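Notes for the structure review
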Amino acid sequence: MTANDRSQRLLFTIVTILYWTSMYTYVPILTPYLSGRGISLQMIGIVLGSYGFVQMLGRFPLGIMSDKWGKRKPFVLLGMVTAGLSCLLFIIPGIWIWPLAGRMMAGICASTWVAFTVLYASYFGAGQTGRAMGNISVMIVSGQMLGMVLSGWLNDGLGEHAPFITGAILAAIGLVLALMLREPKLEAGSRPAMSFAMIRSVIRTKMLLQVSVLSILAHGVLFITMFGFTPLKAEQLGANGSLLTLLVFAFMLPHAIASSLTATWFVNRFGYWGTIGIGFVASSLCTASMALFQSYEMLVLTQAINGFAQGLHLPLLLALSIRDVELPGRATAMGLYQALYAIGMFSGPFLAGWLNESWGLDSGFVFGALLGAAAALLVWLWSSQERAAARRAKPSSAEGIGL
């Protein structure tokens, strides 16, 4: 790897951390902020769900466009611009329409993540996708954790608008740095033209479809809990901005540790299905326990375990989504994967908000636990089918070599 390659990876890392930090500086205080503006729990669920709804519609087309043009950088720049705009829309005074517009703009921003992911993978050689996705998962968690840790301190020290203003400033810095990113040049003729046949082939990739279904459920749980109603529960238990910061740290630090260990330790011992299954079972149990425990200290404990559990399966699902897809179609595959899991980001908090409004805040956590349990059941089913297929294939293989 040349010095230029190293510098580009470092620059990309900084831009990516700023991208995620700018989007997450306000996430821990968002539901209390909206509640303080007099917005109902059901409407809060719609605002939260709009983030995933926009991604559900936007990510797949953006992936196809990126592959068709063979360009990733323009979408990275778009991501930084929309990150800043989304933060600013939240601080416009008035009715619920501005927070809704801000969260929808954040959805456009997050839709550009397709291009970030594929651009970073292009800095690595063939066969290094797992390593690239492991690295980028740590960047995601690092940026999210930095933003969410800053959130409570900014809110307590500088006022409720400070997290949004800070997010906009960080996005502006990221935009300037992103202008210096360079895309690896492809040799003439090395990139086949994007076609409907190629799109159809990508859509039919079995592993991509399986991990997309699991990711819908995983993101449903995530956006019901830490990125949704967990901070509101903490506030009801007496948490202020500093204690919300501690709660975020309790979730994100184990999440980052698990993300860094998934490919290097857990998969080597439990396989990818086993690792994903462990993550979903633990996440489901922790989410269910949130409805039982009524103290801030126990809430912090559940989030620490939940953060580690979700750090086991989310990076692995991301890596598996493009494992069986050829390079020219990877942005399309990533766009489809991210568009599908956005269904969970939209429907999870939307349905939980409706349940919370009718039966109380804890009902949403019970619903999240059921989503995690359903995912664990699918993992068991698909892993069993894969093992059975491997056993059936062994006799024919042995016969073919004269054993």
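This structure is a prediction, so every number in the text was calculated from the model and none was measured. (Residues numbered from 1 in each chain as written. Predicted model: local features only at pLDDT ≥ 70, side-chain atom pairs only at ≥ 80, totals over all residues. Heavy atoms only, no water.)

Looking only at helices and strands, one finds 14 helices and zero strands in the protein chain. Counting helices and strands in the order they occur from the N terminus, the protein chain gives α-α-α-α-α-α-α-α-α-α-α-α-α-α. Relative to its length of 403 residues, the protein chain is compact, with a C-alpha radius of gyration of 21 Å against a globular reference of 22 Å. Considered along the principal axes of its C-alpha atoms, the protein chain spans approximately 70 × 45 × 35 Å. Counting over 403 residues, the protein chain shows a buried share of 55%. Considering only contacts in the protein chain between residues 6 or more positions apart, those separated by 24 or more positions represent 85%. In the form shown here, the protein chain has an accessible surface area of approximately 16400 Å², with 69% of it arising from carbon and sulfur atoms. Charged side chains of the protein chain number 24 positive and 14 negative; the gap between the two group centres comes to 10 Å. (Helix = DSSP H or I, 4+ residues; strand = E, 2+ residues; numbered from the N terminus. Rg over C-alpha atoms; globule rule 2.2 N^0.38 Å. Buried < 20%, exposed > 50% of the residue type's maximum accessible area, 1.4 Å probe, protein only. Contact = heavy atoms within 4.5 Å. Areas by Shrake-Rupley, 256 points an atom, 1.4 Å probe, with all protein chains shown as cover. Lys, Arg positive; Asp, Glu negative; His and termini not counted. Charge placed at Lys NZ, Arg CZ, Asp CG, Glu CD.)

Considering all chains together, one arrives at one salt bridge under this definition. In this structure, the salt-bridge partner of Asp 362 is Lys 233, at a minimum N-O distance of 2.7 Å. A residue pair is termed long-range when its members are at least 10 positions apart, and Asp 362 in helix H14 (residues 361-400) and Lys 233 in helix H10 (residues 206-236) qualify at 129 residues. (Salt bridge = Lys/Arg side-chain N within 4 Å of Asp/Glu carboxyl O.)

Turning to empty space enclosed by the protein, a few remarks are in order. To locate leftover empty space, one rolls a probe as large as a water molecule over the atoms. For the coordinates displayed, the defined rule picks out one cavity of 30 Å³ or more. Here the largest cavity defines a volume of roughly 330 Å³. Ile 140, Gln 144, His 219, Leu 314 and Tyr 341 are the residues nearest the centre of the largest cavity, which is lined by 25 residues in total. Among the secondary structure elements, those contributing two or more residues to the lining of the largest cavity are helix H1 (3-24), helix H3 (41-69), helix H7 (129-158), H10, helix H11 (241-289), helix H12 (296-321) and helix H13 (330-359). (1 Å grid on protein atoms, 1.4 Å probe; cavity = no way out; pocket = protein on both sides within 12 Å on 5 of 7 lines; lining within 4 Å. Points joined across faces, edges and corners; volume = space filled by probe spheres on them.)

A word on H12. End to end, H12 covers 37 Å across 26 residues, agreeing with the expected 38 Å (1.5 Å per residue, within 8%). With 20 of its 26 residues buried, H12 lies for the most part within the structure. (Expected span 1.5 Å × (residues − 1).)

Before going further, it helps to spend a moment on the confidence of the model for the protein chain. On average, the protein chain scores 85 in pLDDT, and the residues at 70 or more come to 90%. Across the protein chain, the secondary-structure element scoring lowest on mean pLDDT is helix H9 (residues 196-203), at 74, and the one scoring highest is helix H8 (residues 162-178), at 96. In this model, residues 397-403 is a region of pLDDT below 50 whose contacts with residues beyond four sequence positions or in other chains number one contact. (pLDDT = per-residue confidence, 0-100.)

In a regular helix each residue adds 1.5 Å, so 29 residues correspond to 42 Å; H3 covers 42 Å between its end C-alpha atoms and thus fits that length. Gly 58 marks the point of greatest bend in H3, at about 35°, and the proline Pro 61 comes within the next four residues. Immediately beyond the C-terminal end of H3, within one or two residues, lies Gly 70, with a positive phi of roughly 70°. (Bend = angle between axes of the 7 residues up to and from the residue.)

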